[in-house]
Amino acid sequence: MIKKIIVFLLLLAGIGAAAEYGGPQMAERGIYYSLGQRLNLEPGAVRVKADPGIKVLFGDLDAVTIHSDSFADGRLSFRSFDCDLRDVRFSPIRSLLDGRFRLLQAGSGTVSASVGSDDLRRFLTERVENLSDVSVDFADDGVHVTGKIKLGGLLTASADMAGQFAVVGD
């Protein structure tokens, strides 16, 4: 019985030591494999801080930083993606089972993605039926789009839209 307890305690100590020294790197690899293809991530594009490292086993990360150059989300091409999150909580069990990083919450941070006017113009022309002569201008935190749209094949109207980009959902 004492041998079993000692073996169990040594096993726990080994898991704890591995998590302490390798926990952040395991989280980095997990996020990289979860988002790597979608965001066209390069190895080393994900950085995780967790002190002590064993916190990773409980789904706690001090900071997550991600950077990607040029990726596509559906038909829209982006020039870059930057994410800097603090006090991150995730589900380690669901992440392991699903093979995807399962973010539960972040205490604070920023996420930004940049898209070029040519890429947005191309995207809108492909997605909006009968839209032509599209012009895209970025100003401050917004975007202004103008163009021509055919209505019913008989009329052509001017389209003039302005708005801002926002993250919706996850």
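Scroll up to find the structure this text is about.
These figures come from a predicted structure and were not determined experimentally.

**Comments concerning the packing of aromatic side chains**
Argument step 1. Scanning all chains against the criterion turns up four aromatic pairs.
Argument step 2. A ring pair is formed by phenylalanine 71 and phenylalanine 78, whose centres lie 4.9 Å apart and whose planes are at 10 degrees; its orientation type is stacked. In this pair, the class of phenylalanine 71 matches that of phenylalanine 78, namely buried.
Argument step 3. Arranged with centres 6.0 Å apart and planes meeting at 85 degrees, the rings of phenylalanine 71 and phenylalanine 81 form a pair that is edge-to-face. Remark: phenylalanine 81 occurs in strand S3 (residues 76–90) and phenylalanine 71 occurs in strand S2 (residues 60–73); sequence separation between them is ten residues.
Argument step 4. Through a chain of ring-to-ring contacts, three or more aromatic side chains come together here, namely Phe71, Phe78 and Phe81.

**A word on the pairing of S2**
Argument step 1. In this structure, strand S1 (residues 46–49) lies alongside S2, joined through four bridges in antiparallel fashion. Opposite valine 48, over in S2, you have valine 64 as the bridge partner.
Argument step 2. For S2 and S3, the ladder comprises twelve bridges, and the chain directions are antiparallel. Its bridge partner lying in S3, aspartate 60 is registered against arginine 89.
Argument step 3. Turn length for the S2-S3 hairpin, with the two strands adjacent in sequence and antiparallel, is two residues, and the turn residue glycine 74 shows positive phi of about 70 degrees.

**Quick word on a nonpolar patch on the surface**
Argument step 1. There is a patch of nonpolar side chains on the surface, built from Leu11, Ile15, Met26, Leu57 and Phe58 and spanning about 500 Å² of accessible area.
Argument step 2. Looking at where methionine 26 falls in the secondary structure, it is placed in helix H1 (residues 2–39).
Argument step 3. A residue is classified by how much of its surface remains accessible, and methionine 26, at 41% relative accessible area, is partly exposed.

Rules and cut-offs
Residues numbered from 1 in each chain as written. Predicted model: local features only at pLDDT ≥ 70, side-chain atom pairs only at ≥ 80, totals over all residues. Heavy atoms only, no water. Phe/Tyr/Trp six-rings, centres within 6.5 Å; stacked < 30°, edge-to-face > 60°. Buried < 20%, exposed > 50% of the residue type's maximum accessible area, 1.4 Å probe, protein only. Helix = DSSP H or I, 4+ residues; strand = E, 2+ residues; numbered from the N terminus. Pairing = 2+ DSSP bridges. Patch = residues over 30% accessible without salt bridge, like charges linked within 9 Å, V, L, I, M, F, W, Y side chains within 5 Å. Areas by Shrake-Rupley, 256 points an atom, 1.4 Å probe, with all protein chains shown as cover. Salt bridge = Lys/Arg side-chain N within 4 Å of Asp/Glu carboxyl O.

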